[in-house]
Amino acid sequence: MKKSIGITPNIETFFGTRDENVRVLEDGLNVTINLRSNAIEIEGGQREVARVEQVFADYESLQRSGYSFNNGDLKSMLRVLISDPNSTLRGLADAGKQRSFGRRTVQPKSNNQRRYLEAIEKHDMVFGVGPAGTGKTYLAVAMAISALLAKRVNRIILARPAVEAGERLGFLPGTLQDKIDPYLRPLYDALYDMLDTEKVDRYLEKNVIEIAPIAFMRGRTLNDSFVILDEAQNTTCEQMKMFVTRLGFNSKAVITGDITQIDLPNARRSGLLEAIDVLKSVNGLAFVHFDESDVVRHHLVQRIVRAYDEHRTRTGEQQQMMLLAEPRVSEPRRAEPRAAEPRPAESRSVENGFAGNRIGDPGSVDLSSPETPAASEKASRYRERTEEGYYG
C-alpha cells in the first residue's frame, strides 16, 4: 500500500539528524518513507502505513500546542511506539507532561522503562532488575523528585550497601556522611541533574533528602517517604528482609540492582536474589526486568552487555556438557563380612584346660563363648561333676 500525506511547517525537524527518526520507523514497522517536494510518501502494509500516518498527525498536533522534543526524546518515543502497538505519540508526550521532574523532562526510552515508570506510579514497592545503563536508578530518582515536588511525600530517603567493587578501600576519613558519600555518588549525580544545586543542598541540610546507611535502618518506620535502595544485589539476605519491612504509611520503595554484578564477600547469597524468589507471588509488589535493549548509555555499552550475556550462556552450557560427559564412577563394592570358621571342640578344650574331653563327650563345653543363662548353668554343672570325679 502506498499513501501520500501533506507537508506541514517544520516537518523537517521530525526526520532528525541524518534521518535517524525516520530510519527507526522504517526498520521497526517495515515501511518506506520518502520526502517529496510537495508530500511525504509512505509505502508498506495497510496497518503499518496507518500507524505512520498517525505518528505524523500527532507530531504536527504537538508542535502546534508548543511541545518541544529534547535530547533524543522523539527517537525514544518512536522506539516505544514500535514495541507497543497500543501506544501513541500523543499519549506518550501527555504522560511525560503529567510528571514534574524539576528542571528536566524525562521520557522513557524503551518499553520496559515505560513499564517501570507506570509500575512505580501504581505500586508501593517496585523491584527494577537489569544490567548497567538501563536507567533503573535515574528513573527511580526522577519519580522520587516528582512525588516530592507534587507533595505526595515529605522526604526522599536514599540507601545503598557500602560494598566496594572488588577492592578494599580501608577506613575512610571524616564524618559518617563523608564515609558513605562515595557509595551514593550515582544518586547525587541524578539529584543534581534534575534540581538546582542550591535546592539539593538545602534539602540535604533540612533532611528532606536523607542519606540513610542500610546498616543503621533497623528499627525505623519510614512514613510519608519515597525510599530508594540502589545496588540491592550487594545486600545480604538479612539486610534485604530488614529493608523491605521498614515501609510505613503513605510511602513508596524502589529497589534496583544488577544480579550479574554481585560484589558480596565470601560468595554470600545476594538478598536481591532471595527477594525475587520469595516475594514474586506477593500482591502489591511489581518486578520489572530490563535487558540489553534498554541500555541508554554509549552504544558500545549495549554491545558489551550482550557480549557478557552470551559468554555467560556459553560458559554455562560448556560446564553442563562437561558434567554430562564425565564417566560415572561406581561405588566400590563392600566386602561381605566373613563368617568365623568353627574351631574343633578338642582344640577349644585344650585352650580351656580340658584336654581329656574328646569331641562328642557329654562334658565337652566351650567356656570361652559368651555366657548365657543356659551356658552358665551347664558350665557350673560340669565343674561340680568334675570335682566329684564323675568324668574319672
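Reading the values: the criteria
Residues numbered from 1 in each chain as written. Predicted model: local features only at pLDDT ≥ 70, side-chain atom pairs only at ≥ 80, totals over all residues. Heavy atoms only, no water. Pairing = 2+ DSSP bridges. Helix = DSSP H or I, 4+ residues; strand = E, 2+ residues; numbered from the N terminus. Axes fitted to C-alpha atoms, helices over the stretch in contact; angles between N-to-C directions. Contact = heavy atoms within 4.5 Å. Salt bridge = Lys/Arg side-chain N within 4 Å of Asp/Glu carboxyl O. Buried < 20%, exposed > 50% of the residue type's maximum accessible area, 1.4 Å probe, protein only. Polar contact = N/O pair within 3.5 Å; in protein donor to acceptor, adjacent residues only side chain to side chain. Patch = residues over 30% accessible without salt bridge, like charges linked within 9 Å, V, L, I, M, F, W, Y side chains within 5 Å. Areas by Shrake-Rupley, 256 points an atom, 1.4 Å probe, with all protein chains shown as cover.

A. Region of the structure containing the sheet that holds strand 7 (residues 225-229). With parallel pairing, the six strands of this open sheet are ordered in space as 6-5-7-8-4-9. Each edge of the open sheet is held by one strand with a lone partner, namely strand 6 (209-211) and strand 9 (285-289). Ignoring which end each strand starts from, the neighbouring axes of this sheet average 15 degrees apart. The pairing of strand 5 (residues 155-159) with strand 7 spans five bridges and is classified as parallel. Paired with isoleucine 156 across the bridge in strand 7 is phenylalanine 226. Sheet contacts for helix 6 (residues 111-122): strand 4 (125-129), strand 7, strand 8 (252-257) and strand 9; angle to strand 9, the most-contacted strand, approximately 165 degrees. Taken strand by strand, helix 12 (residues 271-279) contacts strand 4, strand 8 and strand 9, and its axis lies near 125 degrees from that of strand 4.

B. Representation of the pattern of salt bridges in the model. One pass over the full model with this rule turns up 13 salt bridges. In this structure, the salt-bridge partner of lysine 252 is aspartate 124, at a minimum N-O distance of 3.8 Å. Taken together, the residues span a long stretch of sequence, with lysine 252 in strand 8 and aspartate 124 in the loop between helix 6 and strand 4 at a distance of 128 residues. Take aspartate 124: its relative accessible area is 45%, and that puts it in the partly exposed class. With its nearest N and O atoms 2.8 Å apart, the salt bridge here joins aspartate 277 to arginine 269. Put simply, Asp84, Arg114 and Glu118 are held in one network by salt bridges that share partners.

C. View of the side chain of threonine 137. Note that threonine 137 resides in helix 7 (residues 136-149). Of note is the side chain of threonine 137, whose polar atom sits 2.7 Å from the side chain of aspartate 230. Those residues within four positions of threonine 137 in sequence are excluded, and the remaining contacts are Leu187, Asp230 and Thr256.

D. Layout of the sheet that holds strand 2 (residues 32-35). Spatially, 1-3-2 is the arrangement adopted by the three strands of the open sheet, whose pairing is antiparallel. Here the strands that pair on one side only, and so sit at the sheet edges, are strand 1 (2-6) and strand 2. Mean inter-strand twist for the sheet, computed between neighbouring axes without regard to direction, equals 20 degrees. Across five bridges, strand 1 lies against strand 3 (residues 39-43) in antiparallel orientation. Looking at the pairing, lysine 3 lines up with isoleucine 42 of strand 3.

E. Main features of a nonpolar patch on the surface. Together, Leu300, Ile304 and Tyr308 make up an exposed nonpolar region whose accessible area comes to about 330 Å². Along the chain, tyrosine 308 turns up in helix 13 (residues 299-325). Note on tyrosine 308: relative accessible area 58%, which makes it exposed.

F. Molecular detail of the pairing of strand 4. Within strand 4, five of the five residues are buried, which leaves the element mostly enclosed by the surrounding structure. With burial as the criterion, each face of strand 4 is covered, one bearing Met125, Phe127 and Val129 and the other bearing Val126 and Gly128. Taken together, the five bridges between strand 4 and strand 8 define a ladder with parallel strand orientation. Of the residues in strand 8, the one forming a bridge with glycine 128 is threonine 256. Bridge count for strand 4 against strand 9 is five bridges, and the pairing is parallel. For methionine 125, the partnering residue across the bridge sits in strand 9 and is leucine 285.

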